[in-house]
Each structure stands twice: as C-alpha cells, then as structure tokens.
Number of protein chains: 2
Amino acid sequence: MAIKVAIIGGSGQMGQWFQRFFVSQGLEVLVADLKTPQTPQEVAALADVVIISVPIPQVKKVVQQVAPHLRPDAALLDFTSVKQVPLATMLDHFPGEVVGTHPLFGPGEASINGLTMVLCPGRGERWFNWLKELLENAGARVKVTTATEHDRIMSVVQGLAHFILIALGRAIRELGVSPQDLEDFSTPTFATLHGLARRLFSQDPKLYACIQLANPANRTALRALEDSVADILYFIQRQNPDGLVRLIESVKEGFISEE
Amino acid sequence: MAIKVAIIGGSGQMGQWFQRFFVSQGLEVLVADLKTPQTPQEVAALADVVIISVPIPQVKKVVQQVAPHLRPDAALLDFTSVKQVPLATMLDHFPGEVVGTHPLFGPGEASINGLTMVLCPGRGERWFNWLKELLENAGARVKVTTATEHDRIMSVVQGLAHFILIALGRAIRELGVSPQDLEDFSTPTFATLHGLARRLFSQDPKLYACIQLANPANRTALRALEDSVADILYFIQRQNPDGLVRLIESVKEGFISEE
C-alpha cells in the first residue's frame, strides 16, 4: 500500500510543486486547503505524513487545528522558510514524529535534482530517515542541521540577500532612474544584480515580508548590515580612499580565503 | 599612414586591453606608463589620439603633464569610471578636441563585441565620430550622453551596486558565517549574489574605493539607499507585515512596469 502524504495548504505554489513531486515518487497525495472538498483535519487523519505548507503567520493556527487529528504513528512536517518557531510549535502540539524542512528553492524549478532541502530533526527517526532517503534518491542535496543553525545561516542567505535587493529596488525607484537607462548603461555586475531584484519584485511580496519578520536571527544580521553601511559611509563622507581600501581588504581576507 | 593612439597608463589592465583592441583594428599604439622607455609627454606629442588610462585620483596630474605636448589637431580622451570631473579637467587643460569615455566592462572580456562603451562629447566632432564608428564597427554598443547624466546613472549602476555588495561582504564577515555553510545552504538567488560579491572582492580594492569617492552623484544615490534601509527597518522593527508588503508593492509598480 502506497504511503499517504497530506499537504495542508496544498493549493499554494510550493504545495502544488511537492504534490507533483510526491506523486512522481509513487506516493499517494491528499491535499487540503481553504477551498478543497476535504478539510485539513480530514486529510490529516488519513495520512502517514502530514505536511504544513502554509504562510509563516498561519503555521501556529493550522498546527493547532490538525495536530489532534493525526494518527499517533504519523509524522508532522512543515515547509516553512524559518525553522525555530514552526518546529517548536509542531513539537508542542503533536507528541509523535516531527521534522522541520525548508526547500531552498522556489516553485519555478523543473526537478528536485541538484536542489537543496534542509531537514531539521524534531522527534523520531523513522519518518526522518524515510524522507531523507526519498529526497536523496530523487537527486536532492539534503542538509541536516538544527533549527537554530538553520535560522542563523538563513538570516544571511535569505534575510540579508532579500533585504539588500529590496533596498536597492526602492532606492532606484526613489532616484527615478528609468529602467531603459539602467539597461542601456548596464555593466555585467549590475545586469545580474538588477535581474535578481526584478525577480524578487515579480514574486509574492507577502513571502518576502514574512521571511524578513519571522526569522529571529535576522535581528543580528540586520545589525551587522547597518554597521557595515555606517562603516563604509564613514570613509565616503570623509573622502578617505585609504580607509575604504583597508575596509574592502579586511573583508577580502576572510571572505574569499577558502576559495 | 596608420592613425597613432597613445595610451597613458598603458601598463594597467584596461590600458593593455585597449592596446590589444586598437592593434586589432589596424592602429598604431604607443604606450607610456611609469616604467616605459618613452615618457607620457613623448608619446602624447606623437599621437593623433591620446587616451588617459590612469586611476581617477591621478587624472588631473597626468592631464596637466601631457596636455601641453599634444598636437593641436590631436584629441584628448580618458577611460575613467566617472565623467564630470575628468572631462572638465581635459577641457580646461587642452584647447583641442576632447572626448570622455567609459568602457562599461572589465579587462576580463575576450572581445568588445556586444559590450557597452559610453562616450561623452567634450569638444569637436572629428575624432568623436572616428571613435564612435571604430567602436560600432567592432560590435560595441556605443551610448552617447552628457557627463552629468552618465554620472547620475552610474551612481546606481556602479555606486549603489558596489556599495551593497561591499556592505553584504562585510556583514557576512562580521557575522562569522563560514563560506562552507553559505555554499551548503545557498538558494539560487543567494548563490548569484554571493558570486558577485566574491568577484568584487577578488579585484583591485582601489578601483572600487575610487568609484565610491569620485562620483559626485553618489551622494544623492547613497542618501536614497540610506532612506530605503531605514524605511524597511521601520516595518521590521515594528513587526508590521502589511507595511512591508505595501513598501515592496510600491517599488514593484514602477520597477518592473516597463518589462
């Protein structure tokens, strides 16, 4: 009998993406969302693996809703971009196996082959090992870490990266430099950077807002970014080229030393 | 008889690049630098087109040095990344034809084909038209604009782009997240961004310091960036997702409207 996976929030883009993925792996997939015939509680009661695939602010409410309906031998998982709070919430509300996951890619990817999926062990090994094997057999790079370490690294990989792209986009808009001028006078570096910003701004603003707000480690990362901005501006405002060169060199040492 | 081009600062990477380019176009190229047998004054006196290819802080001194030696029917050009001050300096010190140029690419490119070169007319049309035709025939995209407009657009394309990559690099270093972790937990967006930062930090810090300091339009651009950073932080610190969503949406409207 095929393993049954329930995706709660299965009508969202990532939910749909993983529905196709799990089906391609020979699993039976049940989907519940706000407008599906079956409720989250109903599909949760039927599944071996129940995955919460909802926006970060809804995780707590949905976990509270479905957790009492899971079979005791089932596993509760999530797909949220931050891990400390969602994992703690799942552990608090469900006494069985729990795994926190974070797919490090968007719903535009064709296949999971070569893409990275983070797993944060919560409770139990059976379903954790099953999931890890399933993903690795499909070609995914699986990274196992704690929720705290995940959030710390993601405060750079997502927190700072998105922050500077949003700030760049807003500054460009404030300055009123036209998209045509930016394209005509683009350097290879700027063209790449501008492409990243355009891609971000073409996606769901709610996702990016949630990622900025929900990762507790972002506070430290943003403070480091603010300090860096202030340090660079210090030398620019004083027209001090030597100071700025030293600052750039000090970053260079650690930043590319392991290449 | 072949047209003679003198490159002052011809031992630098861009100087060498353009030496190869001009030779490939059938021109005779004379090179002077700190350690060449011929002095800048000597080659300047022999050439039809004299190009200043020195770091921004040296432009004024070198222009003053060579300008009195140019033939009256020669043209004085520069390759500097900012245009207002160098162009004004050349116009002040040489009464003949003057063109400001800015190659929007680095010395790693194999061919000029498809690359962009900005020309800012200074004085005279003969050598300006000759240069424009030469570049276009070789496949370059030539953009003609004023020095003021060049510097305004470059305050975004170079000023802000380099600034945020330097700030990101410094913040990552301060946070102590290892290069290995960043690679293991990378998203497609972060991998691209991190690659841009690594490329910047692997190049000459003096160039980036000069570009930050020498463009008068950077002041306005950096103020817009500081304002944007403050606006985003405002909503993050107040944990206000709706405000942050509205901010992102307001950028989106103008930012990708012309796609």
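Being a predicted model, the structure only gives us computed values, none of them experimental.

Draft legend 1. Looking closely at the overall build of chain A. Tallying secondary structure elements over chain A gives eleven helices and seven strands in all. Summarising its shape, the C-alpha atoms of chain A cover approximately 70 × 35 × 35 Å along the three principal directions. Taking all 259 residues of chain A together, 51% fall into the buried category. In chain A, of all internal contacts separated by at least 6 residues, the share reaching a separation of at least 24 is 65%.

Draft legend 2. Structural detail: helix α9 (residues 205-214) of chain B. Across the ten residues that make up α9 of chain B, a large majority, nine, are buried. Among all positions in α9 of chain B, only P205, L207, Y208, A209, C210, I211, Q212, L213 and A214 of chain B are buried. Against the buried residues of α9 of chain B lie α10 (218-237) and α11 (241-255) of chain A together with α4 (84-93), α6 (147-175), α8 (188-201) and α10 (218-237) of chain B.

Draft legend 3. Just unusual backbone geometry, in detail. Residue and element names in this part refer to chain A. Its identity is not glycine, yet Q239 carries a phi of approximately 50°, on the positive side. Here Q239 is to be found in the loop between α10 and α11. Residue classification places Q239 among the exposed positions, given that 11 C-beta atoms sit within 10 Å.

Draft legend 4. Looking closely at the packing of α6 of chain B against α9 of chain B. Residue and element names in this part refer to chain B. Their axes nearest at 10 Å, the elements α6 and α9 cross at an angle of 125°. Comparing the axis directions of α6 and α9 gives the class oblique. You can see that α6 and α9 cross each other, and the crossing is left-handed. Taken together, the residues of α9 that come into contact with α6 (itself represented by Q158, G159, H162, F163 and I166) are Y208, I211 and Q212. Here the residues of the contact of α6 with α9 sort into four nonpolar, four polar and no charged.

Draft legend 5. Expanded view of the relation of the copies chain B and chain A. Rotating chain B by 180° about the axis while translating it 0.0 Å along that axis superimposes it on chain A, leaving an RMSD of 0.0 Å. On this basis, the relationship between the two copies can be described by a two-fold rotation axis. In this assembly, 100% of the residues forming the interface of chain B have copies in chain A that are likewise at the interface, indicating an isologous arrangement.

Draft legend 6. Structural view of the interface of chain B and chain A. Every contact between the two is made by 74 residues of chain B and, on the other side, 74 residues of chain A. Of all the secondary structure elements, the ones that give two or more residues to the side of chain B that touches chain A are β6 (116-123), α6, α7 (179-184), α8, α9, α10 and α11 (241-255) of chain B. No other element matches the 19 residues that α6 of chain B contributes to the side of chain B that touches chain A. Across the side of chain B that touches chain A, the residue classes break down as 47 nonpolar, 14 polar and 13 charged.

Draft legend 7. Fine view of the environment of P40 of chain A. Residue and element names in this part refer to chain A. The residue P40 is located in helix α2 (residues 40-46) in this model. Take P40: there are 24 C-beta atoms within 10 Å of it, and that puts it in the buried class. Along the sequence, P40 and T116 sit 76 residues apart, while their C-alpha atoms lie 28 Å from each other.

Draft legend 8. Spatial organisation of the environment of K132 of chain B. All names here are of chain B. Summarising the element assignment, K132 is placed in helix α5 (residues 126-137). Separated by 106 residues in sequence, K132 and R238 have C-alpha atoms that sit 54 Å apart. Leaving out residues up to four positions away in the same chain, K132 has contacts with L119 and V142.

Draft legend 9. Up close: the domain arrangement of chain A. In terms of domains, chain A is made up of domain 1 (4-145) and domain 2 (149-253). In this structure, domain 1 of chain A and domain 2 of chain A have C-alpha centres spaced 31 Å apart.

Draft legend 10. Spotlight on the packing of helix α3 (residues 59-66) of chain B against α4 of chain B. Residue and element names in this part refer to chain B. For the pair α3 and α4, the least separation of the axes is 10 Å and the interaxial angle reads 20°. Accordingly, the angle class assigned to the pair α3 and α4 is roughly parallel. Regarding α3 and α4, the two cross each other, and that crossing is right-handed. Counting all contacts with α3, which are made through V59, K60, V63 and Q64, the residues of α4 involved are P86, T89, M90 and H93. Looking at the contact of α3 with α4 residue by residue, the classes come out as four nonpolar, three polar and one charged.

Draft legend 11. Looking closely at the sheet that holds strand β2 (residues 28-32) of chain B. Residues and elements named next belong to chain B. Taken in spatial order, the seven strands of this open sheet run β2-β1-β3-β4-β5-β6-β7, and their pairing is mixed. Each edge of the sheet is formed by a strand with only one pairing partner; in this case those strands are β2 and β7 (141-144). Within this sheet the neighbouring strands show an average axis-to-axis angle of 25°, counted without direction. Pairing of β6 with β7, which is carried by four bridges, proceeds in the parallel orientation. Paired with V118 across the two strands is K143, which belongs to β7. Running over the sheet, α4 touches β4 (75-78), β5 (97-103) and β6 and is turned about 35° from β6.

Draft legend 12. Representation of α6 of chain B. Compared with an ideal rise of 1.5 Å per residue, which puts 29 residues at 42 Å, α6 of chain B spans 40 Å between its outermost C-alpha atoms and is within 8% of the ideal. With 24 of its 29 residues buried, α6 of chain B lies for the most part within the structure.

Draft legend 13. Just the pairing of β5 of chain B, in detail. All names here are of chain B. Most of β5 is tucked away, with seven of its seven residues classed as buried. Every second residue of β5 is oriented toward a common face, with E97, V99, T101 and P103 on one face and V98, G100 and H102 on the other, all of them buried. As paired strands, β4 and β5 are joined by four bridges and run parallel to one another. Bridge pairing in β5 links D78 to G100.

Conventions adopted
Residues numbered from 1 in each chain as written. Chains lettered and ligands numbered in written order. Predicted model: local features only at pLDDT ≥ 70, side-chain atom pairs only at ≥ 80, totals over all residues. Helix = DSSP H or I, 4+ residues; strand = E, 2+ residues; numbered from the N terminus. Buried ≥ 20, exposed ≤ 12 C-beta atoms within 10 Å, placed from the backbone. Contact = placed C-beta atoms within 7 Å. Axes fitted to C-alpha atoms, helices over the stretch in contact; angles between N-to-C directions. Parallel < 35°, antiparallel > 145°, perpendicular 65-115°, else oblique. Left-handed = near helix turned anticlockwise from the far one by under 90°. Nonpolar A, V, L, I, M, F, W, Y, C, P; charged D, E, K, R; others polar. Least-squares fit on C-alpha atoms with pLDDT ≥ 70 in both. Domains from an automatic or database assignment. Pairing = 2+ DSSP bridges. Expected span 1.5 Å × (residues − 1).

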